[in-house]
Amino acid sequence: MDSAIQDYKQTSGMGGASGYLTIDLRALARNYEKLAAEIAPARAAAVVKANAYGLGAHRVATKLYEHGCRDFFVAQFVEALHLRPILAADATIFVLNGLQPSNVDACASEGIVPIINSLEQWHQWAGAALALGRRLPAVLQFDTGMSRLGLSPEERAALAGLLKAGGAIDVLFIMSHLASADDTASQQNGTQLNEMNRIAAEFPEFDVCFANSGGVFLGEAYHGVLARPGIALYGGAPTAGMQNPMEPIVQLDVAVVQTRTVPAGTPVGYGGAHVTTGETRLATIAAGYADGLPRSLSDRGAVYCDGIRLPILGRVSMDSMTVNISTLPEDRLRLGSLVEVIGPNQTLEDIAREAGTISYEILTCLGHRYERRYR
Ligand SMILES: *Cc1c(COP(=O)(O)O)cnc(C)c1O
């Protein structure tokens, strides 16, 4: 099966899964409402790229639509194609990565709104409008200092000329993206805001779309008319090193597939990278790096049972890893028991920190072998 389709496949609730990924859609809705209240009267869009950060774009977008969200951002055109039939016609779907020559016509016919990141894309979109004999909507993105996507300062002057000449593109708003919004102390925020304000003054006829999750908490100056939070919706911390104001929406529990007791001096896992120092009770659990638990968790980090920390011993395998359960009562964990990987004892941020990565990567890599349960 094509992987984009696989992403959207909901595992049926047959039980016996290797792990259970529980997604609390009501907490998702509360997070959306919290962000919307934070930025009102500006509106909150939802960034649902990468299958809503791995949590299921269909379920997430449908829930947020019910709670008033009408603007949905994906990264790739194929994601917009999957989402378009799911959402009512008054919902707008935006493609952050913009147009590709091969999807210009489909983008127009499907009513998907591209982010125009270059003059080349502007001309392609204008050409499509001309060919269709009708106006087409678009968002203009400007690079304000991230050097990733968006029109360059040099392209801005030419664009102003094109806009003055009229044409068949309806600009819904102008946007840019913050590179360091999760770091309130970063000078890059102010620099990018000044640049965005300068651009907004050059194009006073258009509204501004600027803040991601971090930007929502940088203050009103960053809000524009529409914010684009992603990670905060899903319970990730919008600002690094600060108390997370968002509610967790994800719990991950993984099944035990074997337990054993080994004496001191026993190697555990590939390469014998861990050797026990005393008699040790072990549990092997049914998730590994193919399920999105990074190999960087080898011999570091832990899972939990009854609030008790169970350290990961040895290397993380593709489909399993081994944890130390010596501190648990004997027989507490047996074949089929579940241990907590993400939940009340270990947040998304905690496990990301242990793995040397960010919450975004943990979420978007969560495996397809877990049974997804929506609450
Ligand atoms: C991913 C993305 C967002 C959402 O960012 P979060 O940090 O998850 O809130 C917003 N805007 C753009 C352009 C993005 O690429």
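The numbering scheme is per chain: residues are counted from 1 as the chain's sequence reads. Reporting in this predicted model follows two pLDDT cut-offs: at least 70 for local features of residues, and 80 or more for side-chain atom pairs to be given and counted; totals over whole chains, interfaces and linings ignore these cut-offs and use all residues. The basis for every side-chain value is the complete set of non-hydrogen atoms in the structure, without hydrogens or water.

## A closer look at the overall build of the chain
Logical step 1: The number of helices and strands found in the chain is 12 helices and 19 strands.
Logical step 2: By its C-alpha atoms, the chain is 80 × 45 × 35 Å across when sized along the principal axes.
Logical step 3: A simple rule labels every residue: compare its accessible area, found with a 1.4 Å probe on the protein chains alone, to the largest value its type can have, and call it buried under 20%, exposed over 50%, or partly exposed in between. Sorting the 375 residues of the chain into buried and exposed places 52% on the buried side.
Logical step 4: As displayed, the chain offers around 16,400 Å² of accessible surface, 51% of which is attributable to carbon and sulfur atoms. In this text, helices come from DSSP runs of H or I with a minimum length of four residues, and strands from runs of E with a minimum of two, each type numbered from the N-terminal end. Using a 1.4 Å probe, the Shrake-Rupley method yields the accessible areas, and only the shown protein chains count as cover for residues.

## A short note on the packing of aromatic side chains
Logical step 1: Any pair of Phe, Tyr and Trp rings, taking the six-membered ring for Trp, is counted once the centres come within 6.5 Å. Such a pair is stacked with planes under 30 degrees apart, edge-to-face with planes over 60 apart, and tilted for the rest. Inspection of every chain in the model, using the stated rule, returns 6 aromatic pairs.
Logical step 2: A ring pair is formed by Tyr53 and Tyr360, whose centres lie 6.0 Å apart and whose planes are at 35°; its orientation type is tilted. Taken as a pair, Tyr53 in helix α3 (residues 49-53) and Tyr360 in helix α12 (residues 359-365) lie far apart in primary sequence, 307 residues in all.
Logical step 3: We classify Tyr53 as buried; its relative accessible area is 6%.
Logical step 4: On the basis of relative accessible area, Tyr360 is assigned to the partly exposed category, the value being 31%.
Logical step 5: Between Phe210 and Tyr222, the ring centres sit 6.0 Å apart and the planes meet at 5°, which makes this aromatic pair stacked. Here Tyr222 lies in the loop between α10 (213-216) and β10 (226-227) and Phe210 lies in the loop between β9 (208-209) and α10, a separation of 12 residues in the sequence. Accessibility classification places Phe210 together with Tyr222 in one group, the buried group.

## Considerations on the environment of Asn97
Logical step 1: Within the element layout of this structure, Asn97 appears in the loop between β5 (92-95) and α6 (104-109).
Logical step 2: Owing to a relative accessible area of 36%, Asn97 belongs among the partly exposed residues under this scheme.
Logical step 3: The spatial distance from the C-alpha of Asn97 to the C-alpha of Ser317 is 34 Å, given a sequence separation of 220 residues.
Logical step 4: Should any heavy atoms of two residues lie within 4.5 Å, those residues are counted as being in contact. In contact with Asn97, other than residues within four places in its own chain, are Ala75, Gln76, Asn117, Gln121 and Leu149.
Logical step 5: For this analysis, a polar contact is any N or O atom pair within 3.5 Å, provided that within protein one partner can donate a hydrogen and the other can accept it, and provided that sequence-adjacent residues contribute only side-chain to side-chain pairs. A distance of 2.9 Å separates polar atoms of two side chains, one belonging to Asn97 and the other to Gln76.

## Comments concerning the site of the ligand
Logical step 1: Not every one of the 14 residues close to the ligand is listed here, only the nearest: Lys49, Tyr53, Ser213, Ile231 and Tyr360.
Logical step 2: At 3.1 Å, a side-chain N or O of Arg148 approaches an oxygen atom of the ligand.
Logical step 3: Here an oxygen atom of the ligand sits 3.0 Å away from a polar atom, N or O, in the side chain of Asn212.
Logical step 4: Here the ligand loses 94% of its free accessible area of 390 Å² to cover by the protein chains. Nearness here has a simple test: a residue counts as near a molecule or strand if at least one of its heavy atoms is within 4 Å of that partner.

## Overview of the pattern of salt bridges
Logical step 1: We define a salt bridge as a contact between a side-chain nitrogen of Lys or Arg and a carboxyl oxygen of Asp or Glu at a distance within 4 Å. Taken as a whole and judged by the stated rule, the model has 17 salt bridges.
Logical step 2: Linking Arg369 and Asp291 is a salt bridge whose minimum nitrogen-to-oxygen distance equals 2.9 Å. Note that Arg369 is positioned in the loop between α12 and β19 (371-374) and Asp291 in the loop between β14 (280-285) and β15 (302-305), a separation of 78 residues in sequence.
Logical step 3: Arg369 is paired through a salt bridge with Asp319; the nearest N and O atoms lie 2.9 Å apart.

## What about the domain arrangement of the chain?
How large an interface is tends to be reported as the accessible area lost when its parts come together.
Logical step 1: The domain boundaries here were taken from an automatic or database domain assignment. For the chain, the domain assignment lists domain 1 (3-21 + 248-374) and domain 2 (25-234).
Logical step 2: Once you take the C-alpha centre of each, domain 1 and domain 2 turn out to be 36 Å apart.
Logical step 3: Across the contact, 16 residues belong to domain 1 and 19 residues belong to domain 2.
Logical step 4: Reported buried area values correspond to the accessible surface (1.4 Å probe) lost by two parts on association, with both partners' losses combined. Overall, the association of domain 1 and domain 2 removes approximately 1,600 Å² of surface from exposure, summing both partners, and the carbon and sulfur fraction of that is 68%.
Logical step 5: On the surface where domain 1 and domain 2 come into contact, there are 0 salt bridges.
Logical step 6: On the surface where domain 1 and domain 2 come into contact, there are 2 residue pairs in polar contact (both at pLDDT 80 or more).
Logical step 7: Those elements that place two or more of their residues in the side of domain 1 that touches domain 2 are α1 (3-8), α12 and β19.

## Observations regarding the packing of helix α7 (residues 119-132) against helix α8 (residues 153-164)
Logical step 1: Contact pair α7 / α8: the axes reach a minimum separation of 11 Å and the direction vectors enclose 20°. By the angle between their directions, the pair α7 and α8 is classed as roughly parallel. Contact residues: α7 offers Leu119, Trp122 and His123, while α8 offers Glu155, Ala158, Leu159, Leu162 and Leu163.
Logical step 2: Classes in brief: Ala, Val, Leu, Ile, Met, Phe, Trp, Tyr, Cys and Pro nonpolar; Asp, Glu, Lys and Arg charged; the others, Gly included, polar. Residue composition of the contact of α7 with α8, grouped by class: 6 nonpolar, 1 polar and 1 charged. To obtain an axis, a line is fitted to C-alpha atoms, over the contacting stretch when the element is a helix, and the angle between two such axes runs from 0 to 180 degrees between their N-to-C directions. Here roughly perpendicular refers to angles of 65 to 115 degrees, roughly parallel to angles under 35, roughly antiparallel to angles over 145, and oblique to all remaining angles.

## Details of the side chain of Arg372
Logical step 1: As for its position among the elements, Arg372 is in strand β19.
Logical step 2: Polar side-chain contacts of Arg372 include one of 2.7 Å to the backbone oxygen of Gly367.

## Observations concerning the nonpolar core
Logical step 1: Counting 115 residues, the largest nonpolar core has Phe72, Phe73, Trp125, Ile174 and Tyr234 as its most contacted members.
Logical step 2: With 6 residues, helix α2 (residues 25-39) is the largest single contributor of residues to this core.
Logical step 3: In this structure, this core is formed jointly by two domains, domain 1 (3-21 + 248-374) and domain 2 (25-234), each of which donates at least three residues.
Logical step 4: Apart from the residues within four sequence positions on either side, Phe72 is in contact with Ala46, Val48, Ala61, Leu64, Tyr65, Leu83, Leu87, Ala91, Thr92, Ile93 and Phe94. Residues belong to one nonpolar core when they are buried, are Ala, Val, Leu, Ile, Met, Phe, Trp, Tyr or Cys, and are joined through side-chain atoms within 4.5 Å.

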